[in-house]
Amino acid sequence: QIKDSATLTRDVLEQHFNDLKGTLKKLLDERLMSLLQEVDVIEQESIKPLDECQKLIEHGVSTAEELLREGESAVDGDVGQQNEKLCNFTKKALHIQLDSLPEVPSLVDVPCLSAQLDDCLLTILKNQIFRHGTVASRPPVQLEEFVEKPGGILVRWCKVDDDFVAQDYRLQYRKSTASHFEDVYVGSKAEFMVLHIDPNVDYQFRVCARGDGRQEWSPWSVPQTGRTSLVPHEWTTGLEGYSLSSRRNIALRNDSQSCGVLYSKAPTYFCGQTLTFRQVLSGIETVGQPDRRDSLGVCVEQRNGDDSLQRDKAVCISTNGAVFVNGKEMTNQLPAVTSGSTVTFDMEVVQLGPCSNEGGNFKLRVTISSNNREVVFDWVLDQCCGSLYFGCSFSYPGWKVLVF
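- The protein chain is annotated in an unreviewed UniProt entry as Cytokine receptor-like factor 3 of Aegithalos caudatus.
- Under the heading Function (unreviewed entry), UniProt records this for the protein chain: "May play a role in the negative regulation of cell cycle progression."
- Quoted verbatim from the Subcellular location (unreviewed entry) field of UniProt, the annotation for the protein chain is "Cytoplasm".

Structure, rendered in structure tokens:
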């Protein structure tokens, strides 16, 4: 563990500082290019009027030289030609302004470029670099427990540093065959149900925390391996009134007029486990319109033709919070099922008499929880039940239920 974590830490540090060097060089090159372009612009804008002034002066000098040559030619000629040349020379000289110069910018108006570089940047960078990064030998949080769930793993963690005040936790996981971890949860709770887990496959988990008021995350905990041997819960396919997700763990009541009870694909709920239904959003709608026959629950057997789980050999909760046992409504009532509601079923066996192939008295202690309230009762059956089906029934579209 020490060697592996040390090797990983070295790799992380080298990669991070290589990335920093590359980014810093890129930023410096971009700044240099920007300053050079600024020099080019100032040079071009400032030299333009001086170039024009120089052209005017050179043109005036050229004109004066040409006029001077004409004057010399007029003087050197014979008397007859002199008069004509002198006359032309005089007229031309009168039309040329040789006593004026174009306006030349004063010296104070002429730019003189220089580079202003503040050496304190190196000092600032040096101080920041020397304080950048730390090496921690003990993370403040560690993974504590893995609880097998059907198609999932409930992961719990705890603080091991009492002086560390955690604001958020960050949980990552990966298959044992994968090379990179990926985020699966960021939040303030110290546990999370990781779904979409393949049964009998090893997964690695790690967790870190962010201190109160801090932006950076703590070191990662020691990676630990978890797995589940329980197959995921799935809704059965083919019922016209419901559409299922690709993993068949989410059922959406569609707008079909057909109604009935949607059962699980197999009796995958076993006593001693927790069965969870979660109402999730379905597009723009929050939840569907409720009906007194709407139900979420478990049953001994699938039975086609029923429009509700409010029947014998079944326990369920309706969307208005009423609890039914073998079709009879209990006095105790739970909060209504609304958008985001979570309903859980927990059962344990309390056997009243001998259990055989011919049947016998069989009692299950049932706990149904909804929105931080729960009811506990005994469910008496006339047969042994090692596993149970789960089901739901909704009369109107818009209900969307995740089971795990």
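### Looking at the packing of aromatic side chains
Then step 1. Scanning the entire structure with this criterion turns up 11 aromatic pairs.
Then step 2. Note on Y173 and F205: the rings are 6.0 Å apart at their centroids and 25 degrees apart in plane angle, and the pair reads as stacked. Here Y173 is found in strand β3 (residues 166–175), whereas its partner F205 is found in strand β6 (residues 203–211), with 32 residues between them in sequence.
Then step 3. A ring pair is formed by W235 and F277, whose centres lie 6.3 Å apart and whose planes are at 35 degrees; its orientation type is tilted. Taken together, the positions of W235 in the loop between β7 (224–226) and β8 (242–244) and F277 in strand β12 (residues 274–279) put the pair 42 residues apart, joining distant regions of the chain.
Then step 4. Through a chain of ring-to-ring contacts, the aromatic side chains of F146, Y173, Y203 and F205 assemble into a single cluster.
Then step 5. The ring of W220 is capped by R206, whose NZ or CZ atom sits 4.2 Å from the centre of that ring.
Then step 6. We note R253 situated over the ring of Y242; from NZ or CZ to the ring centre the distance is 5.5 Å.

### Looking at the pattern of salt bridges
Then step 1. Summed over the entire model, instances satisfying the criterion amount to 17 salt bridges.
Then step 2. Here R170 makes a salt bridge to D183, at a shortest N to O gap of 2.9 Å. One end of the pair, R170, is in strand β3; the other, D183, is in strand β4 (residues 182–187), with 13 residues separating them in the sequence.
Then step 3. A salt bridge links K363 to D378; the shortest N-O distance between them is 3.5 Å. Here K363 is found in strand β18 (residues 362–370), whereas its partner D378 is found in strand β19 (residues 373–381), with 15 residues between them in sequence.
Then step 4. When salt bridges with common partners are traced through the structure, they connect R303, D306, R311 and D312 into a single cluster.

### Comments concerning helix α1 (residues 2–76)
Then step 1. When the terminal C-alpha atoms of α1 are compared, their 107 Å separation across 75 residues agrees well with the 111 Å that a helix rising 1.5 Å per residue should span.
Then step 2. Of all bends in α1, the biggest is about 30 degrees, found at I47, and the proline P49 comes one to four residues later.
Then step 3. All buried positions along α1 are accounted for by C53, T63, L67, G71 and A74.

### Observations concerning the side chain of S218
Then step 1. Within the secondary structure, S218 sits in the loop between β6 and β7.
Then step 2. Classification of S218 as buried rests on a relative accessible area of 12%.

### Here we look at the UniProt feature "domain: Fibronectin type-III" (unreviewed entry) in the protein chain
Then step 1. Per the UniProt record, the feature "domain: Fibronectin type-III" (unreviewed entry) sits at residues 139–231.
Then step 2. End-to-end, the C-alpha atoms of residues 139–231 are 34 Å apart, and along that stretch the chain is 0% helix and 53% strand.

### What about the state of the cysteines?
Where two cysteines share a covalent bond between their sulfur atoms, that bond is called a disulfide.
Then step 1. Counted by the stated rule, this structure contains zero disulfides.
Then step 2. Take C259: it sits in no disulfide, and the sulfur closest to it among the cysteines is that of C392, at 12 Å.

### So, the nonpolar core
Then step 1. Ranked by internal contacts, the top residues of the largest apolar core, which has 35 residues, are F277, M347 and W379.
Then step 2. Residues within four places of F277 in sequence aside, it is in contact with W235, L296, G297, S341, T342, V343, F345, F390, G391, V401, L402 and V403.
Then step 3. Counting residues in each nonpolar core, the second largest holds 16 residues, with V155, W157, F164 and F205 among its members.

### Some words on the pairing of strand β16 (residues 328–333)
Then step 1. Here strand β15 (residues 322–325) pairs with β16 via three bridges, running antiparallel. From the neighbouring strand, V325 faces β16, where its bridge partner is K328.
Then step 2. The turn joining β15 and β16, which pair antiparallel and follow one another in sequence, is formed by two residues; a positive phi near 55 degrees is taken by N326.

How each quantity is defined
By convention here, each chain's residues receive numbers from 1 onward along its written sequence. Only residues with pLDDT of 70 or above have their local features reported here, since the model is predicted, and side-chain atom pairs are shown and tallied only from 80 upward, although totals for entire chains, interfaces and linings are computed over all residues. Side-chain measures were taken over the full set of non-hydrogen atoms in the model, leaving aside hydrogen atoms and water. UniProt positions are given in the numbering used here, feature names are shortened, and annotations may be inferred rather than shown by experiment. Under the pairing criterion, centres of Phe, Tyr and Trp rings, with the six-membered ring standing for Trp, must be within 6.5 Å; the plane angle then separates stacked pairs below 30 degrees from edge-to-face pairs above 60, leaving the rest tilted. Helix numbering and strand numbering both begin at the N terminus, where a helix is a DSSP run of H or I of at least 4 residues and a strand a DSSP run of E of at least 2. Geometrically, a lysine NZ or arginine CZ counts as sitting over a ring once it is within 6 Å of the ring centre and also within 35 degrees of the ring normal. What makes a salt bridge here is a side-chain nitrogen of Lys or Arg within 4 Å of a carboxyl oxygen of Asp or Glu, nothing more. Every helix has an expected span of 1.5 Å times one less than the residues it contains. One axis fitted to the seven residues ending at a residue, another fitted to the seven starting there: the angle between these axes is the bend at that residue. When accessible area is computed with a 1.4 Å probe and restricted to protein chains, residues below 20% of their type maximum are described as buried, those above 50% as exposed, and intermediate ones as partly exposed. Our working definition of a disulfide is a cysteine sulfur pair at a distance within 2.5 Å. Only buried Ala, Val, Leu, Ile, Met, Phe, Trp, Tyr and Cys residues count toward a nonpolar core, and they belong to the same one when joined by side-chain atoms within 4.5 Å. The criterion used for residue contact is that any of the two residues' heavy atoms lie within 4.5 Å. Think of it this way: DSSP has to see at least two bridges between two strands before they count as a pair.

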